[in-house]
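The lines below spell out each chain.
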Amino acid sequence: MNADKMAKMEVKTSLLDDMIGVGDMVLLEPLDEDSFINNLKKRFDHNEVYTYIGSVVISINPYRSLPIYTPEKVEEYRNRNFYELSPHIFALSDEAYRSLRDQDKDQCILITGESGAGKTEASKLVMSYVAAVCGKGAEVNQVKEQLLQSNPVLEAFGNAKTMRNDNSSRFGKYMDIEFDFKGDPLGGVISNYLLEKSRVVKQPRGERNFHIFYQILSGASEEFLCKLKLERDFSRYNYLGLDSARVNGVDDAANFRTVRNAMQIVGFMDHETQSVFEVVAAVLKLGNIEFKPESRANGLDESKIKDKNELKEICELTGIDQSVLERAFSFRTVEAKQEKVSTTLNVAQAYYARDALAKNLYSRLFSWLVTRINESIKAQTKVRKKVMGVLDIYGFEIFEDNSFEQFIINYCNEKLQQIFIELTLKEEQEEYIREGIEWTHIEYFNNAIICDLIENNQTGILAMLDEECLRPGTVTDDTFLEKLNQVCATHQHFESRMSKCSRFLNDTSLPHSCFRIQHYAGKVMYQVEGFVDKNNDLLYRDLSQAMWKANHSLIKALFPEGNPAKINLKRPPTAGSQFKASVATLMKNLQTKNPNYIRCIKPNDKKAAHIFNEALVCHQIRYLGLLENVRVRRAGYAFRQPYEPCLERYKMLCKQTWPHWRGPARAGVEVLFNELRIPEEEFSFGRSKIFIRNPRTLFKLEDLRKQRLEDLATLIGKIYRGWKCRTHFLLMKKCQVVIASWYRRYSQQKKYQKIKSSTITVQSYIRGWKARKQLRELKHLKRCNEAATVIAAYWHGTQARRELKRLKEEARRKHAVAVIWAYWLGLKVRREYRKFFRANAGRKIYEFTLQRIMQKYFLEMKNKMPSLSPIDKNWPARPYLFLESTHKELKRIFHLWRCKKYRDQFTDQQKLIYEEKLEASELFKDKKALYPASVGQPFQGAYLEISENPKYKKLKDAVDEKIIIAEVVNKINRANGKAASRIFLLTKNNVLLADQKSGTIKSEVPLGDVTKVSMSSQNDGFFAVHLKEGSEAASKGDFLLSSDHLIEMATKLYRTTLSQTKQKLNIEISDEFLVQFKQDKVCVKFIQGSQKNGNIPTCKRKNNRLLEVAVP
Ligand SMILES: Nc1ncnc2c1ncn2[C@@H]1O[C@H](COP(=O)(O)OP(=O)(O)OP(=O)(O)O)[C@@H](O)[C@H]1O
Ligand SMILES: [Mg+2]
């Protein structure tokens, strides 16, 4: 490479300034194979094993552990943009995981490369990254652990040391990791493809059998080995190639422990693990069975087992009847049309049968292991899952001798290339059309034609191989090649010396027993030998039946076709057609997912670090089509992103869009790109996405963003620090103000209190002094005043006395003057008028003066007259002493006159009432205590309306006189003093007592028979009506009654008696009087009683002489 080219290549994007070479091959200038390899080499030499082609990751196997997979690195790449950091497998894993989690897109990670390029390691790195960044929790961690631990198990059984790789995967593996909507792993499904089972029985020089055989022998305990009937020595076993039993840097024993531990974690039961190792042991021991020829009498070659000890042990281990297995190694039964034909096997056939059995046992065990692991790691829920598929499949293989396996493997790679084309190139072009981006179609090689050459159902090589295998008659690999030569001769990608096409007749590089295919990755020459056999993959039925009969559940399960009840005469599908079908399923599966590519490159054949074999790398670059990949990438747009996230990511680069863009995101992106002056040819606006042609532009954007973020961070930091300082300052200031104010207040308070107390002291002194002074002054003043008063008083006294004396003197003098004057005048008048006055003149003057006084008196009296009320006691005072008698007389006359006037207003009835009241007054006033209360009560007489009330009709009918009193009274029972209600009637002539309820007259006493009425002087209504002795009414005795209207009744009785009999009724008022009860005279005695019954007097017959009335 010339210096110019190198110089150009040195040009770095700013983002990649600290990068070695060019991180993204799309930026490589100039783009050719040399510069490509040089860039890889340069990066490789500086430990940069990852390089991008757009979103594809190229990984070069460093063959040593680099410190770039640490947890810190995981954190660094976590949630970062793909282009943000230097290329790394974690960036791709993160991108895939995030778009699975956030955009709900199923992902697949396609890892390709040749053997030893680092595919398996890459797949493990992807898995461990996803495990590290996805959710956590006990359940999730267990799922993760099981998924991760499935690797050592499968590697132990499926990997082997080869010339190219000490840990070469001898099977294809596709693993679907399933996630829930949150992105937490739920489980997984593993698919395996075509285990290289031929390795079980034979390994090329310098290679080993599958790891597990060595691991058991090195790692298992003596006891366990004994159980498995194994010996530790590798050389004891024919199936273990001797020359490379130990691998440098590999500790088989430690790995055995790892595998057993992993099996436990994945969920293998102890008996399952045991069975698995038993099968492995049986396979190993099968290799030790040897046959020797034995000629039989019929001339047929027969084989015989040399040493049956091994066979015996195998049978013990697997629970197979020894004779059955022995027979299966010696005979072959062919069933055709219900006919069973048994033929003996010669030594070669016996060896073939033995190896076939070993291969089948092992490969079926491997498939069983995958199924068993799947059972353990399958997702437990039925919720919708998101899937990330990781494909670690054998890479393109071009060896010196290529056989059926390489053919199959390369076919698989052709299909992968197909899907790469489908998903990347085609999809890319279609996206441009979808997004309305102008796009000039790019020619790329579509390997569909090669796929067709191999898989076409009629003319495909696989179809032809199947046809050959099924064809009756002698079938050999040569007949197969002949057939190919006929059918495929004209195919552009098929080359054969013997074909009809004469093109290759003279091509000496192409042996006669070979055919050559121009794969997309280069020409590969296949040795046709072994194709038919390998495709047939025959296991004699006798063997599968013998296996089915085994008393070992796992082995029995591995050979279901051995069950005689399910004999299937149909041939089992050939290896080729099986593989074709599984590859077709895989392709279908991959097509539904978003692909992510990791292209692994092997730097040297020596498995050594630091060696970069340019020729080897160049070869890989060619067949991986990486340059082609870069060109497509370059022709198109390296980067695309929907407008919203793009604007969100870069909006801080333009003032108009920062911090918020209001409007459609596309317009925002347009403004942003204009502002940043990005050349127009560098980007295109699609319908929903922005397309950026060159990663350089993207890096520039990223770089600007980084710078801007730094600025923003500085700004934020600045503002934050400013804010913090300011808040701190403000707080301090506030505190200072508060403290100062408190302090000032405190000090002022102190000062004030001091001043106040001193003021008070001073004040009190001053006040005291002032008060004392004032007191002194006041006392002085008072004394002065008092003195002045005394003096004044004395003075006034003196003056007054002097004045009085003077006035008295003056009055005496005036009086003396007046008297003298009067006397003198009198003397003068008498002297003058003596002659005119007669002797009676004095008398006339006296009378006249008297008349004048009387006149004045009456006139004054007229104005001072009191009211006309008879009870008004007012009377004007007497003016002159000599009118005393006149004044009294006048008062009496006036009173009589106003009484008359008052009386004149009354009607006759009123008069009667007043007469009665007057009578009562005369009778009881000051005699009976009950009287004053009766004055205000009008005398009604007929309290019971006898004539109106129908209840008293009978009574009314019995009395035909005018009723004066009708009232209810209590008649005191003479015997016990208890009261009973009676109606008391007073008519003109009679006193009647009637029953209150019935109105029947009980007693009738003519007024003439009533002699006396007695009552107490107290405040009670008791009275006794005394009857004339001997009268008819008096037979029962006197009546002792009690009434509320005693005064009225007694008065009316008195008046009526007086008017009827003209005799005054005797009314006796005394607190002790006698009454006549029948023959006895009983004393009624009124005593001051208790107030037990309120105001009601109680009557009690004490003995037959005494009736006591308790008056309250
Ligand atoms: N990233 C890596 N860092 C360190 N060593 C690595 C890395 N990748 C691969 N190796 C080394 O390379 C060896 C081969 O890698 P790996 O088994 O992944 O190859 P492969 O592509 O799977 O090959 P095959 O197709 O044979 O399975 C590993 O055993 C490991 O020692
Ligand atoms: Mg591998």
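Here the structure is a predicted model, which is why all the values come from computation and not from measurement.

A. Layout of the coordination of the magnesium ion (ligand 2). On the protein side, the magnesium ion (ligand 2) has Thr120 (OG1) and Ser169 (OG) as donor atoms, found 1.8 to 2.1 Å from it. One end of the pair, Thr120, is in helix α5 (residues 119–133); the other, Ser169, is in strand β5 (residues 168–169), and 49 residues separate them in sequence.

B. Representation of helix α4 (residues 89–103). Here α4 contains 15 residues, and its C-alpha end-to-end distance of 20 Å stays within 8% of the 21 Å for a straight helix at 1.5 Å per residue. Regarding α4, the residues found buried are Ile89, Phe90, Ala91, Leu92, Ser93, Asp94, Ala96, Tyr97, Ser99 and Leu100. At the C-terminal side of α4, Asp104 shows a positive phi close to 60°.

C. The arrangement of the nonpolar core in detail. By size, the foremost hydrophobic cluster in this structure holds 208 residues, and its most contacted members are Phe36, Phe157, Phe213, Leu325 and Phe515. Counting residues per element, this core draws most heavily on helix α14 (residues 347–377), which supplies 14 residues. Discounting residues that sit within four places of it in the chain, Phe213 has contacts with Val200, Leu240, Val280, Val283, Leu284 and Tyr362. Counting 32 residues, the second largest nonpolar core, distinct from the first, contains Tyr931, Val1013, Met1015 and Ala1034.

D. View of the sheet that holds strand β22 (residues 990–995). The strand order β23-β22-β21-β20-β26-β25-β24-β27 describes an open sheet built from eight strands, whose pairing is mixed. With partners counted over all chains shown, the strands left at the sheet margins are β23 (1001–1006) and β27 (1066–1069), one partner each. Averaged over all adjacent pairs, the angle separating strand axes in this sheet is 30°, with direction ignored. Two strands pair when backbone bridges link them, and strand β20 (residues 963–972) and strand β26 (residues 1039–1042) are joined in this way by two bridges, in the antiparallel orientation. Within β26, the position partnered with Asn970 by the bridge is Ser1042. Contacts from helix α33 (residues 1046–1061) reach β20, β21 (979–987), β22, β24 (1010–1015), β25 (1022–1027) and β27 within the one sheet, and its direction differs from that of β20 by about 125°.

E. View of α5. For α5, built from 15 residues, the straight-helix expectation of 21 Å at 1.5 Å per residue is met to within 8% by its first-to-last C-alpha distance of 21 Å. By the criterion of burial, α5 is predominantly enclosed, with 11 of the 15 residues buried. Of all the positions in α5, only Lys119, Thr120, Ala122, Ser123, Leu125, Val126, Met127, Tyr129, Val130, Ala131 and Val133 are classed as buried.

F. Layout of the pairing of strand β7 (residues 185–193). In the sheet, strand β6 (residues 172–179) pairs with β7 via eight bridges, with the strands oriented antiparallel. Within β7, the position partnered with Lys173 by the bridge is Asn192. Between β6 and the antiparallel strand that follows it, β7, lie five residues; Gly183 among them carries a positive phi value of about 90°.

G. Spotlight on a nonpolar patch on the surface. Together, Val817, Ile820, Trp821, Trp824 and Leu825 line one region of the surface with nonpolar side chains, adding up to about 510 Å² of accessible area. Examined against the element boundaries, Trp821 turns out to sit in helix α27 (residues 695–833).

H. Region of interest: the side chain of Ser59. Residue placement: Ser59 occurs in strand β2 (residues 56–60). Owing to a relative accessible area of 6%, Ser59 belongs among the buried residues under this scheme. Setting aside anything within four residues of it in sequence, one finds Ser59 in contact with Val49, Tyr50, Ala117, Ile598, Arg599, Cys600 and Ile601.

I. Expanded view of the pattern of salt bridges. Using the criterion set out here, one finds 61 salt bridges in the structure. As a salt-bridge pair, Glu889 and Arg892 come within 2.9 Å of each other at their nearest N and O atoms. Residue Glu889 and its partner Arg892 are located together in helix α29 (residues 884–904), separated by three residues, close to a single helical turn. With a relative accessible area of 35%, Glu889 lands in the partly exposed category. Three or more residues joined by partner-sharing salt bridges are found here, namely Glu231, Arg236, Lys285, Glu310 and Glu313.

J. Layout of the site of ligand 1. In the vicinity of ligand 1 lie 17 residues, with Asn61, Ser115, Lys119, Thr120 and Ser168 positioned nearest. Contact distances for ligand 1 include 2.7 Å between an oxygen atom and a backbone N or O atom of Gly116. At a separation of 2.9 Å, an oxygen atom of ligand 1 approaches a polar backbone atom of Gly118. Here ligand 1 loses 86% of its free accessible area of 620 Å² to cover by the protein chains. Listed by contribution, the elements that provide at least two residues to the shell around ligand 1 are α5 and β5. In terms of residue count, the dominant contributor to the shell around ligand 1 is α5 (three residues).

K. Representation of the environment of Glu375. Here Glu375 shows up in helix α14. By relative accessible area, which is 49% here, Glu375 ends up partly exposed. Taking the C-alpha atoms as reference, Glu375 lies 46 Å from Glu482; in sequence the two are 107 residues apart.

L. Looking closely at the sheet that holds strand β18 (residues 683–685). Taken together, three strands build an open sheet; the order of strands is β17-β19-β18 and the sheet is antiparallel. Two strands lie at the open edges of the sheet, namely β17 (639–642) and β18, each paired on one side alone. Taking the axes of each pair of neighbouring strands and ignoring which way they run, one obtains an average angle of 15° across the sheet. Relative to strand β19 (residues 689–692), β18 runs antiparallel, the two being bridged by three bridges. Counterpart to Ser684 in the pairing with β19 is Phe691.

The rules we used
Counting restarts for each chain: residues are numbered from 1 in the order of the written sequence. By the order in which they are written, chains take letters starting at A while ligands take numbers starting at 1. Thresholds applied to this predicted model are a pLDDT of at least 70 for local features of residues and 80 or more for the giving and counting of side-chain atom pairs; totals over whole chains, interfaces and linings are not thresholded and use all residues. Just so you know, side-chain values use all the structure's heavy atoms and leave hydrogens and water out. Here the term donor refers to an N, O or S atom within 2.8 Å of the metal (or 3.2 Å for Na, K and Ca), and because water is left out of the atoms, sites may appear incomplete. By definition, any uninterrupted DSSP run of H or I lasting at least four residues is a helix, any uninterrupted run of E lasting at least two residues is a strand, and each is numbered from the N terminus. By this rule the span expected of a helix is its residue count minus one, scaled by 1.5 Å. Classification of residues uses two cut-offs on accessible area relative to the type maximum, computed with a 1.4 Å probe and protein chains only: under 20% is buried, over 50% is exposed, and between them is partly exposed. Residue types Ala, Val, Leu, Ile, Met, Phe, Trp, Tyr and Cys, when buried and joined through side-chain atoms within 4.5 Å, form a set referred to as a nonpolar core. Here, residues are in contact when the closest pair of their heavy atoms is within 4.5 Å. Strand pairing is assigned whenever DSSP identifies at least 2 bridges connecting the two strands. Every axis corresponds to a line fitted to the C-alpha atoms, with the helix fit spanning only the stretch in contact, and the corresponding angles, defined between N-to-C directions, vary from 0 to 180 degrees. Patch criteria: residues need more than 30% relative accessible area and no salt bridge. Like-charged residues are merged within 9 Å; nonpolar side chains of Val, Leu, Ile, Met, Phe, Trp and Tyr are merged within 5 Å. Only the protein chains shown count as covering a residue, and every accessible area follows the Shrake-Rupley method with a 1.4 Å probe. A carboxyl oxygen of Asp or Glu within 4 Å of a side-chain nitrogen of Lys or Arg is what we treat as a salt bridge. The near set for a molecule or strand comprises every residue that places at least one heavy atom within 4 Å of it. Polar contact criterion, stated in full: a pair of N or O atoms within 3.5 Å, where within protein one must be able to donate a hydrogen and the other to accept it, and residues adjacent in sequence count only if both atoms are side-chain atoms.

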